[in-house]
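What follows is each chain in one-letter form.
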Amino acid sequence: AVVSTQSTGAFFDKHPKILNMVLMNKDPNDAHLVIQNMENVGAGKWDYSHIQFSDELKGGEANSDNFTVAYSASNNSFSFHINIKVEEKTDEGQYTIYFYRCPASRTASISQIDYTFDATITAKNGNSFLSAGEKPLIFLHVCMGLIYMGMGWVWFKVMVYHSENLFKIHYLMAALVFAKFLASLLHSIDYYFISAHGTPEEAWAILWYIIHLVRGLLLFISLALIGMGFAFVKHVLSSNEKLVLMTVVPLQIIANVAYVIIDSSEEADFNYGTWKKILIFVDLLCCGAIIFPVMWSIRHLQQATERSDNKTTLILSQLKLFRHFYVMVVVYIYITRIALKFMEVVLPFQYTWCTDLLNETATITFFCITGWKFRPYVANPYYKIVEEEDDLEMEPMVVESDTLRNRNNFAEEEETLA
C-alpha cells in the first residue's frame, strides 16, 4: 500500500511535489513505512529535508525515512501515527493525501480482497484549524455583514421617505438584504468555530443552512419578479411567468439541499461528486430561468412602443431600464457562476479567499445598482407608465361591465315574455 502526499501551489501544476510513504508488509510483524522519492516518475523536485517527521508510536521520535507500523493479528490490520510539521516557506502548499493498494511486483496482479483504509487527519495552521486560504474568511464575512447592515438601513430610510410610492417588491428587496446580513454573520460564526475547534458548532451550522436557503429563495424570487415587471409594468402575472416562479422555488430547495450535503461531507464520500454535479446543474437552471422573464418584459415593451403614440417616450425609458437590468443580471451570473470557478482553479492555495471576496463584491454592486434603478420615487419612469396604463384600463372594464349588464337585462326580458 502507498500513502501519497501531494503539495501543489495551484491545481494545474504539471509537476506536483509528491511524497510517497510505502507500507512494506512482507512480514506483518516487521512492517514499516518507508519514504520514496518520486522525481523519477515525473514528480517535481522536492527537498523535504526541512519538513519535520516524527513517529508518534515511538513517543514522537524524529525519523526521516522509516516509521513504525503496528500490526494487529486479531483483525489483520496495520496502523501508524505520523506527525508532519512544515516550517519553511518553500514547503508550504495545498497538501492532499492519497491511498493506493499496489501489487507486490509489476508482474503481479491485485487479488480481489476486501480492505478498508481509515484515516484520522488533524491539520492546523498555527492555532487555527482553517486552511491558509480560509483564514481571512472570518474577518471578510464580518465586514460584509456590516456592509449589508448599512445597505439595509439606507434602504429602510428610502422606504420610509417614499412610503407613498412603495410596491410589494420593495419589501421583498428589504427582506433579501436583511437575509444577506444574517447569512454573512452566521457564516463568520461558523468559520470561527471551525477555526477554534476543527468542527462547526451544530446549532450555528443549522441556522446558517436555514438562512442560506431563505437567502437563495428571496434572491431568485426578487430577480424573477423584477424581471417580470410585476407591479412596475403590470399587476397580474401570465401563466408562463407563474410557471417560472413555480419552477425556481423547488429548484432552489434542491440546490440548497445539495449545498448542505456537499458542505457537510468530504470529497472521498461516495455521493459527493453526484451532489456537486446536481448543485451546479440546478443552480445554472435557476439562473437561466430568471433571464427569460426579463426578455419577455423587453419584448412586451417593444410591442407597446409600436401600438402607442402618446406614451412612446415613457415606454422607451422603461425599455431602457429593463435592458440595463438584463445586462446586469447576465454579468452578475457570469461573475458568480463562471468566473469564480475559473478563479478557484488558477489561484494559489493561500489566495482562495479571494473568490469569496469577488462573489460578495459582485453581489453588493449588483444590489446597489438594482436598488438605485428601481427605488421608490415618483420621477421614476415606471410609475408614470403604471398610472397611465391604469387610467386606460378603466374604460374597457366599464364598457365590459355595461355590456354584461345589458345582456343580463335582455335575458330577464326574455324570461318575462316567456
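Conventions used here
- Residues numbered from 1 in each chain as written.
- Predicted model: local features only at pLDDT ≥ 70, side-chain atom pairs only at ≥ 80, totals over all residues.
- Heavy atoms only, no water.
- Helix = DSSP H or I, 4+ residues; strand = E, 2+ residues; numbered from the N terminus.
- Buried < 20%, exposed > 50% of the residue type's maximum accessible area, 1.4 Å probe, protein only.
- Contact = heavy atoms within 4.5 Å.
- Areas by Shrake-Rupley, 256 points an atom, 1.4 Å probe, with all protein chains shown as cover.
- Phe/Tyr/Trp six-rings, centres within 6.5 Å; stacked < 30°, edge-to-face > 60°.
- Lys NZ or Arg CZ within 6 Å of the ring centre and 35° of its normal.
- Salt bridge = Lys/Arg side-chain N within 4 Å of Asp/Glu carboxyl O.
- Axes fitted to C-alpha atoms, helices over the stretch in contact; angles between N-to-C directions.
- Parallel < 35°, antiparallel > 145°, perpendicular 65-115°, else oblique.
- Left-handed = near helix turned anticlockwise from the far one by under 90°.
- Nonpolar A, V, L, I, M, F, W, Y, C, P; charged D, E, K, R; others polar.
- 1 Å grid on protein atoms, 1.4 Å probe; cavity = no way out; pocket = protein on both sides within 12 Å on 5 of 7 lines; lining within 4 Å.
- Points joined across faces, edges and corners; volume = space filled by probe spheres on them.
- Core = buried A, V, L, I, M, F, W, Y, C linked by side-chain atoms within 4.5 Å.

A separate point is the overall build of the protein. Scanning the protein from N- to C-terminus turns up 8 helices and 10 strands. By the burial criterion, 36% of the 418 residues in the protein qualify as buried. Expressed as a percentage of contacts within the protein between residues at least 6 apart in sequence, the contacts between residues at least 24 apart total 67%. In the structure as shown, the protein presents an accessible area of about 25,500 Å², 60% of it carried by carbon and sulfur atoms.

Attention now moves to the environment of V294. Mapped onto the elements, V294 comes out in helix α5 (residues 272-307). Judged by relative accessible area, V294 falls into the buried class, the value being 1%. As for V294 and L223, which are separated by 71 residues in sequence, their C-alpha atoms are 9.0 Å apart. Once residues within four sequence positions are removed from consideration, V294 is found in contact with G227, F322, F325 and Y326.

For the structure shown, the criterion picks out 12 aromatic pairs. Here F178 and F181 contribute two aromatic rings whose centre-to-centre distance is 6.2 Å and whose plane-to-plane angle is 40°, an arrangement assigned as tilted. Here F181 and F178 lie together in helix α2 (residues 168-197), a separation of 3 residues that amounts to about one turn. Residue classification places F181 among the buried residues on the basis of a relative accessible area of 17%. Members of the aromatic cluster, each reached through a chain of ring pairs, are Y148, F322, F325, Y332, F366, F367 and F374. Sitting over the face of the ring of F129, K124 holds its NZ or CZ atom 4.8 Å from the ring centroid. Positioned over the ring face of W372 is R375, at 3.6 Å from the centre of the ring.

Applying the stated criterion to the full structure yields 2 salt bridges. One salt bridge in this structure joins E360 and K180, with 3.8 Å as the shortest N-O distance. In this pair, E360 sits in helix α7 (residues 353-373) while K180 sits in helix α2, placing the two residues 180 residues apart along the sequence. Like E360, the residue K180 is buried in the burial classification. The partner of R337 in a salt bridge is D283, with the nearest N and O atoms 2.5 Å apart. On the criterion of sequence distance, the pair formed by R337 in helix α6 (residues 312-346) and D283 in helix α5 is long-range, its members being 54 residues apart. Exposure remark for R337: the relative accessible area of 18% places this residue in the buried category.

Our next topic: the packing of α2 against helix α3 (residues 202-228). Put simply, α2 and α3 touch, their axes get as near as 8 Å, and they point 150° apart. One element, α2, and the other, α3, form an angle in the roughly antiparallel class. Of the two elements, α2 crosses α3, and the hand of that crossing is left-handed. The residue makeup of the contact of α2 with α3, split by class, is 21 nonpolar, 2 polar and 3 charged.

Each pocket or cavity is described by its volume, and for the second largest pocket that value is around 340 Å³. Of the residues contributing to the lining of the second largest pocket, the split by class is 14 nonpolar, 3 polar and 1 charged.

Between α3 and helix α4 (residues 239-263), whose axes approach to 10 Å, the crossing angle comes to 155°. Classed by the angle they form, the pair α3 and α4 counts as roughly antiparallel. Handedness of the crossing formed by α3 with α4: right-handed. On α4, the residues touching W208, Y209, H212, L213, G216, L217, F220, I221, A224, L225 and M228 of α3 are E241, V244, L245, V248, V249, Q252, I253, N256, Y259, V260 and D263. The residue inventory of the contact of α3 with α4, partitioned by class, reads 16 nonpolar, 4 polar and 2 charged.

What follows is about the nonpolar core. Counting 56 residues, the largest nonpolar core has F325, F366 and F367 as its most contacted members. For this core, the secondary-structure elements that each account for two or more residues are α1 (137-161), α2, α3, α4, α5, α6 and α7. Per-element tally for this core: the top contributor is α5, with 10 residues. Residues in contact with F367, not counting those within four places in the same chain, are Y148, M151, L176, V177, K180 and L219. If you look at the next biggest cluster of nonpolar residues, it comprises 9 residues, including L23, L33, I35 and F53.

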